[in-house]
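Coordinate inspection notes
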There are 2 protein chains.
Amino acid sequence: MTSGTGSDDGLAEGLIDLAHHVLHLFADVGRAHRLSQQQVELICAVIVRDSIGMSELGRILHVEKSGLSNLVDRLEQRGLVTRYSDPADRRATRITLTGEGTTTAMTIYNDVTSRVRGLIAGIPQNQRRSTLSAVRAMTGDAPAGR
Amino acid sequence: MTSGTGSDDGLAEGLIDLAHHVLHLFADVGRAHRLSQQQVELICAVIVRDSIGMSELGRILHVEKSGLSNLVDRLEQRGLVTRYSDPADRRATRITLTGEGTTTAMTIYNDVTSRVRGLIAGIPQNQRRSTLSAVRAMTGDAPAGR
DNA sequence: TATTGTTATACTCTATAACTATA
DNA sequence: TATAGTTATAGAGTATAACAATA
């Protein structure tokens, strides 16, 4: 983790630093709305899907089902999301944004994406495609995309 | 955040995904030792420096001073780190690893770095230098390194 | 019997403010 | 007066296990 001593010439430290940058960005965006990083991530995951099941949401956020229950509880109490029963499987619960939730989510989502694009803006155009393939290689995504 | 819809061709989502991968790696490594992600990050920050001041540590971990106090408390109670007063400035406190802390830290540090290298291993050799420069561009580091 | 989610418990993290001691 | 760190409090996240309803 010291600079330049590893055989990777600092890539490892750089990645760790970058990970902090990205996740702190979620926290910073949320702060203005008194939402935590996790709450912002949940809202962003819901808005791009319109509605989503608890299990899938847990997988996306890497959160245990009990923790997710609490997370959704807090957002439901604040009137931002609603639970409803999945008609196809009565054990399952799905989540959507309320009207107020949608308004908040749009603001937050635009803010998050514009900040991420702000990071990307630092990379010269002609390097972006190779950066994407490197990122996908690290996360285990097929180079062709998912 | 949906794939391929943005003008960045998925780089934004990829970066967010990567950030999760990297930070979950800290959490996963810690789990085996019953240490949280934050505790692993603190230990890794101390071991590469031998000793470190609270203020600097707070900056590295992006943690408020009060939160850091608690974090150090818990690790001190578990016998992994020790506080001592900075002789140069009697307001300041510095942190070092205990004997047991050093043993644990070495295991953890090796585990973290080998996992990060595992991520990097997915990137073709000839792309690593440009990836590093892209990463630095995003975190605001000068291309020449810090 | 296995799965989906909720509840309970206990611990950890985060944020803010008030406080002590040094500078 | 400013800075370093601690303490207190309250809300939020995480991990485990026990549980009810449904498949």
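Scroll up a little and you will see the structure.
Residues numbered from 1 in each chain as written. Chains lettered and ligands numbered in written order. Predicted model: local features only at pLDDT ≥ 70, side-chain atom pairs only at ≥ 80, totals over all residues. Heavy atoms only, no water.

1. Remarks on the packing of helix 1 (residues 11–31) of chain B against helix 2 (residues 37–47) of chain B
Residue and element names in this part refer to chain B. The condition is simple: In this description, a line fitted to the C-alpha atoms serves as the axis of each element, helices being fitted only across the stretch in contact, and the angle between N-to-C directions of two axes falls anywhere from 0 to 180 degrees. Only DSSP runs of H or I reaching four residues or more are called helices, and only runs of E reaching two or more are called strands; each is numbered from the N terminus. An angle counts as roughly parallel when it lies under 35 degrees, as roughly antiparallel when it exceeds 145, as roughly perpendicular when it falls between 65 and 115, and as oblique in every other case. Contact definition: two residues touch when any of their heavy atoms are within 4.5 Å. Under the grouping applied here, Gly and all other residues not named as nonpolar or charged are polar, the nonpolar ones being Ala, Val, Leu, Ile, Met, Phe, Trp, Tyr, Cys and Pro and the charged ones Asp, Glu, Lys and Arg.
Running from N to C, helix 1 and helix 2 cross one another at 90°; their axes reach a closest spacing of 8 Å. The orientation of helix 1 with respect to helix 2, classified from their angle, is roughly perpendicular. Here helix 1 contributes Leu 23, Phe 26, Ala 27 and Gly 30 to the contact with helix 2, which in turn contributes Gln 37, Val 40, Glu 41 and Cys 44. In the contact of helix 1 with helix 2, the residues fall into five nonpolar, two polar and one charged.

2. With respect to the sheet that holds strand 2 (residues 81–85) of chain A
All names here are of chain A. Basically, it comes down to this: The criterion for strand pairing is that DSSP finds at least two bridges linking the strands in question.
The strand order across the open sheet formed by three strands is 1-3-2, and the pairing between neighbours is antiparallel. Either end of the sheet is taken by a strand with one partner, and the two such strands are strand 1 (51–53) and strand 2. Put simply, the sheet's adjacent strands are angled 30° from each other on average, direction ignored. With three bridges joining them, strand 1 and strand 3 (residues 93–97) adopt antiparallel strand pairing. Following the sheet pairing, Ser 51 is matched in strand 3 by Thr 96. Most of the contacts of helix 3 (residues 54–61) go to strand 1, to which it runs at about 85°, and overall it touches strand 1, strand 2 and strand 3.

3. Here's the deal with the interface of chain A and chain B
How big an interface is tends to be expressed through the accessible area that disappears when the partners come together. Counted only if it meets this: When two components associate, each loses some accessible surface as probed by a 1.4 Å sphere; the sum of these losses over both components is called the buried area. Here, a salt bridge means any Lys or Arg side-chain nitrogen found within 4 Å of an Asp or Glu carboxyl oxygen. We call two N or O atoms a polar contact when they sit within 3.5 Å, provided that within protein one can donate a hydrogen and the other can accept it, with sequence-adjacent residues counted only if both atoms are side-chain atoms.
Listed per partner, the contact involves 48 residues of chain A and 47 residues of chain B. Regarding the contact of chain A and chain B, the summed buried area is about 4500 Å², with carbon and sulfur atoms giving 70% of it. Inspection of the region where chain A meets chain B yields zero salt bridges. Counting across the interface, chain A meets chain B through six residue pairs in polar contact (both at pLDDT 80 or more). When residues of the side of chain A that touches chain B are traced back to their parent elements, those giving at least two are helix 1 (11–31), helix 2 (37–47), helix 5 (99–120) and helix 6 (125–139) of chain A. Residue contributions to the side of chain A that touches chain B peak at 15 residues, all from helix 1 of chain A. Split into classes, the residues belonging to the side of chain A that touches chain B amount to 23 nonpolar, 16 polar and nine charged.

4. Digging into the relation of the copies chain A and chain B
Under the convention used in this document: Superposing the copies works by least squares over the C-alpha atoms of residues that have pLDDT at least 70 in both of them.
Mapping chain A onto chain B calls for a rotation angle of 179° and an axial translation of 0.0 Å; the resulting RMSD is 0.1 Å. Here the copies are linked by what is in effect a two-fold axis. Closest approach to the rotation axis among the C-alpha atoms of chain A is made by A:Ala19, whose C-alpha sits 2.0 Å away. With an isologous cut-off of 70% or more, the 98% of interface residues of chain A that recur at the interface of chain B puts this contact in the isologous class.

5. Description of the sheet that holds strand 2 (residues 81–85) of chain B
Residue and element names in this part refer to chain B. Spatially, 1-3-2 is the arrangement adopted by the three strands of the open sheet, whose pairing is antiparallel. Both edges of this open sheet fall to strand 1 (51–53) and strand 2, since each of them pairs with a single strand only. Neighbour-to-neighbour, the strand axes of this sheet turn through a mean angle of 30°, independent of strand direction. Here helix 4 (residues 65–77) sits on the sheet in contact with strand 2 and strand 3 (93–97), set at roughly 120° to strand 2.

On their own, these measurements won't tell you what the molecule is for.
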